[in-house]
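A look at the structure
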Amino acid sequence: MASRDTQSAPSAWRQFTFFDVVPVKDVHDLGSDPEIFKKTPEFSCITPTSSGTAVADIHGSLYVLNRDFEVSKSWVAHTSGRVTHMAERKGILVTLGEEDLVRQPLLKVWDLNISDKKTGGPLLLRSTKVQVGNRPHPVTTLALSSTLSYLAIGLGDGTVILYRHLDQSIFSGTSNLTTLPKPRVIHESPSEPITGLGFREPDEENSNIYLFIVTTNRVLCYQVSGRGSGGTPTLVDEVGCALGCATMDWHAKNMLVARDEAVYVCGVESRGASYAYEGQKLSVHTHRNYLVMVSPPFSPSASAASATVRNFVTRSTDANAEITKVTVLDLENKFVAFSSTFTDGVREIFLASDEVYLLSNVGKLTCLEEKPTSTKLSMLYAKSQFLLALNLAKTQGLDSSSVADIHRQYGDHLYNKADYDGATQQYVKTIGHVQPSYVIRKLLDAQRIHNLATYLQELHALGLANSDHTTLLLNTYTKLKDVARLDSFIKTESKRSSADGGSDELPFDLDTAIRVCRQAGYFEHASYLAKKYERHEDYLQIQIEDAGNYKDALLYLRRMGTEAVSVISTRYGRAMLASLPEETTQLLIDVCTSLTPLTIETDERSPPSRQPSTGGPSYLSYLALSRDRGAPPAVAPGPAPPVADRASQHDSSHESRTATPPPATPTHGQPPPHARITTVKRPSPRIYFPHFIDHKEKFMQFLESVALKRWGQRLDETGVPVVVESDPFVDAQAEKADQIAVWNTLLELYLSSSSSLDSSEKEAFIDKALQLLKSEHIPCDPTHALILCSTQNFTPGLVLLWEKLGMYEDVVRFWMDKYAEGGSDSTDASSEVIRCLDHYGPDHPHLYPLVLRFLTSSPDLLSRHTADVTKMLEHIDAENIMPPLNVVQVLSRNGVASVGLVKQWLVSRIREAKDEIETDKALTESYRTESQTKLKQVEELSDPDHPRVFHVTQCSACKGQLDLPSVHFMCNHSYHQRCLGDHDTECPNCARSHGIVREIRRNNERLADQHDVFLSEVKEGGFTAVAAGFGRGIMNLSRAEALAG
């Protein structure tokens, strides 16, 4: 509660003209005042209502005026009397007046929304006398609560009476006009007339209703409702006022008491603020946040303290005229909003249509029309009253954008006066409404880096900054070398919620912050942000590329987990292998073989001494293909890694320039080394192949370890079998492809290493390569292995692979090519050809023509392998592998083989051919004789002029003596008629053979249309198939049908 002492007011109130004086004219006659106000001397009181302005006169009549001040409703409220006071709430009008026949004041309640059918006026709800004691006293003031629950009446003898539950009585439905709650006297002060009453309405802070009672000497407060109500009014202040000089403020919370020296604000418990404003006051009224004061008529003087009066004297020509001064004060903002003088006096001030109207003694109606807020603000800007403009905006309830515009103009004003700190404070309050670029450009032009940092930091705190703002702010910190503010900024927790109402967001753009800190050399801050917000790739990039802290990067990778390592190591694996080959190789082995989360203990082994990288040829020819097998899985967010061991930063040139390293982010605890928490999905080892491009030895170690620990596969099959855990997430097809890729790569490494090392180590790698190729349980791609062995000229491997693949002809041709190349091993090459033929020939006879052609290609070969050639010819003859003509063609293609070599073989073959020809001739002659016999028989049967004589005497069915009736068939078979069926038209003995022939002919006719079958037979049998076709009549079937037709 404010002090009771009068606040020190300024020597002169700031004065503005925020109201325009506008005369109000009659709507039908713009040259005169409204018709109703011609009777102004007879008016007793005016009050605003929800139906319009209510005007009462001394004759007891009451008029309700519309917005144009025309009478919309009128009636006699108090017969032969006058209306003294009126109050309206929710369409219910309460009037107090006097009538000739009644000594006491009369209280009447009217319903303005319901018309009385008899009188035409509003419906009278209640009418009763206001009587306290035996002697009547005039009513001085009236107060009605906003809910119609309470009505307070002040009398001239200092008595205050209170009607409770007035609304319940009015709307109870009874027709008795005198039915009102019994009033209660709540205050009596015979020597102090009541000059003002007002209800303090309930609010969020206090739900009770209070009644302010103002007398000529005191201000009291009476609790109307709530706990503790009904007691004696308490004294608020010993400062009273004259009649009409007390009113409630616009919030209906405090009582304003106007005296000649000041205006006092009285609260429920004590007096609050006071505003010094000297001058006599006739009445005060509340309009919005303004207090309208009317002075009594007085004679103006040129020496008056009021500038308004002095100006009137200067302009006036009548020195003896009396004037009335009307002043509009804004008590909250402490300025005069309007001040003017009126020569006709002021009879009434009332509110209508949310405007203030002044009614002069001569019936002139004037409206005090408030200027638009924009106009008022422009007037304040012109006088550089920006603080007052802000207060006015708050009072007027302007939106945030309008308030921000005031702050912007205030900031521009201070900026032009070179008050950059003050301007920055104002610009900060425009965030969210004024474009940040507007402020940033101003502060950059003035080279006010500190102020720019302040503005940008607040912009980030409110969550309205973009990446460019973050870049600029961090650059200002680094330019100022303000490490403390940089620390504070990057460690700032979120101050705003995300758009979806979820977890908080950062007040700055994380990517930009990390990038700028790296560019400025503040690696500690950049790594702090990357680690805290799990930007794994950024953190590793800082540690590896900027700080050179490979050990910490490796530890961080291990803590991140398998899936994260699979992705991030793709970019940094090669650099880490170059720095820490042993530790990095072991990490990748663990990632590819472990089914449990990685642990840190594996990194605590003492690493071996670093070996220099051995540059080798580009041996991994398929690495480019392996990169295209599919994108690696997405990074799975792992636990926050521990703080890097800053002692391991060996290169001082990479140290951060900051002297205050940010604090570490607490890490999550690691599980015990043997605790099985969960099963993780192992990545494909193929994604790590490119990392080892310059580390051949570590590559072999990686591949052999993965094959052993992941699949239990190794070259040494004599050792103890390795037991491996089964992977529940395994994809059998992908796993098989990984195994093939691993062993293919190992074979390439073995072969490439054997070509670049000395003899002792070379033999070891050759043995490994042969073991790999010979192994039956190791999956290896034979085609790929052939390419590798051919590229590396690895003859044992080639021969071994050809044999495994059944490519025996390639083996034979290989040794033939070896012999053709010449050299010391050419004799062995020809012997190898004979050995391969003996080994593969029985199952693959097509090799004999090839080897025969090879052995007869030169006299030297033939001389050394004459016995082998003879043996081959005997085998060819025995197995009928080649026709003699083909053998002769092979031997005669050059002059190497002589006739004597194959004389005996040729003679035997010619003799066998002659015997076969003679046999075929005899068979042909027998077929020809049989055919002529058949043709002659057909001719006899088909000749109708040649009778047929049957000499058969025995029945072919029953073998009995043939007698009549009998049946004879052309096939020379005869039967008793009784021995045949009723419908037999064919010889029973010949029917089967004839049916077989007919079926064969039908089949041949059907096959004649199936050309694909005939073509397939021709491809398989050649001439034999064609001859068989002619024999079955397929080839000339169409001609035979044509002849038949």
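Just so it is clear, the structure is predicted and the values come from calculations on it, not from any experiment.

This paragraph deals with the sheet that holds strand β22 (residues 271-276). Ordered by their spatial adjacency, four strands build an open sheet running β19-β20-β21-β22, and the pairing between neighbours is antiparallel. Both outer strands of the open sheet, β19 (246-248) and β22, are each paired with one neighbouring strand and no more. This sheet shows a mean twist of 20 degrees between the axes of neighbouring strands, independent of strand direction. Bridge count between strand β20 (residues 255-258) and strand β21 (residues 262-266): four bridges; the pairing is antiparallel. Looking at the pairing, L256 lines up with V265 of β21.

We now examine the UniProt feature "domain: RING-type" (unreviewed entry) in the chain. With numbering matched to this structure, UniProt assigns "domain: RING-type" (unreviewed entry) to residues 955-990. Annotated as 8% helix and 17% strand, the span residues 955-990 places its first and last C-alpha atoms 14 Å apart.

If you trace the four strands from one edge of the open sheet to the other, you get β7-β8-β9-β10, paired in antiparallel fashion. Each end of this open sheet is capped by a strand with a single partner; those strands are β7 (81-89) and β10 (122-129). Adjacent strand axes in the sheet meet at a mean angle of 20 degrees when their direction is disregarded.

Considered for burial, the residues of helix α3 (residues 373-382) that qualify are K376, L377, L380 and Y381. For α3, the angular spread of buried residues about the axis comes to 140 degrees, placing them on one side. Residues of α3 that are exposed and point more than 90 degrees away from the buried face comprise S374 and A382. S384 sits one or two residues past α3 and shows a positive phi near 60 degrees.

Going from L964 to P965, the amide bond is cis rather than trans, its omega being -5 degrees. If you trace the backbone, P965 turns up in the loop between α29 (903-941) and β32 (966-968). Backbone geometry at K90 places phi at a positive 55 degrees, although glycine is not the residue there. The topology assignment puts K90 in the loop between β7 and β8 (92-99). Taking relative accessible area as the criterion, K90 reaches 61% and is therefore assigned exposed. Its identity is not glycine, yet E534 carries a phi of approximately 55 degrees, on the positive side. Positionally, E534 belongs in the loop between α12 (523-532) and α13 (536-546).

What follows covers the packing of aromatic side chains. Within this structure, the stated rule accounts for 25 aromatic pairs. Consider the rings of F692 and F699, whose centres lie 5.2 Å apart with planes at 5 degrees: the pair is stacked. For F699, a relative accessible area of 0% corresponds to the buried category. In this structure an aromatic cluster arises from ring pairing among F37, F43, F69, F350 and Y357.

This paragraph deals with the nonpolar core. Grouped together as the largest cluster of nonpolar side chains are 154 residues, with contacts concentrated most on Y455, F702, L747, L772, V851 and L852. At eight residues, helix α19 (residues 732-754) tops the list of elements feeding residues into this core. The contacts of L852, once residues within four sequence positions are left out, are V869, M872, L873, I876, V887, V890 and L891.

On to the packing of helix α5 (residues 400-416) against helix α6 (residues 420-428). Across the interface, α5 lies against α6 with an axial gap of 8 Å and an inter-helix angle of 170 degrees. Taken together, the axes of α5 and α6 lie roughly antiparallel to each other. Viewed along their axes, α5 and α6 form a crossing whose handedness is left-handed. Between α5, through H407, R408, Y410, G411, D412, L414 and Y415, and α6, the contact on the second element is made entirely by Y420, G422, A423, Q426 and Y427.

The rules behind each value
- Residues numbered from 1 in each chain as written.
- Predicted model: local features only at pLDDT ≥ 70, side-chain atom pairs only at ≥ 80, totals over all residues.
- Heavy atoms only, no water.
- Pairing = 2+ DSSP bridges.
- Helix = DSSP H or I, 4+ residues; strand = E, 2+ residues; numbered from the N terminus.
- Axes fitted to C-alpha atoms, helices over the stretch in contact; angles between N-to-C directions.
- UniProt positions renumbered as here; feature names shortened; annotations may be inferred.
- Buried < 20%, exposed > 50% of the residue type's maximum accessible area, 1.4 Å probe, protein only.
- Arc of directions from axis to C-beta.
- Phe/Tyr/Trp six-rings, centres within 6.5 Å; stacked < 30°, edge-to-face > 60°.
- Core = buried A, V, L, I, M, F, W, Y, C linked by side-chain atoms within 4.5 Å.
- Contact = heavy atoms within 4.5 Å.
- Parallel < 35°, antiparallel > 145°, perpendicular 65-115°, else oblique.
- Left-handed = near helix turned anticlockwise from the far one by under 90°.

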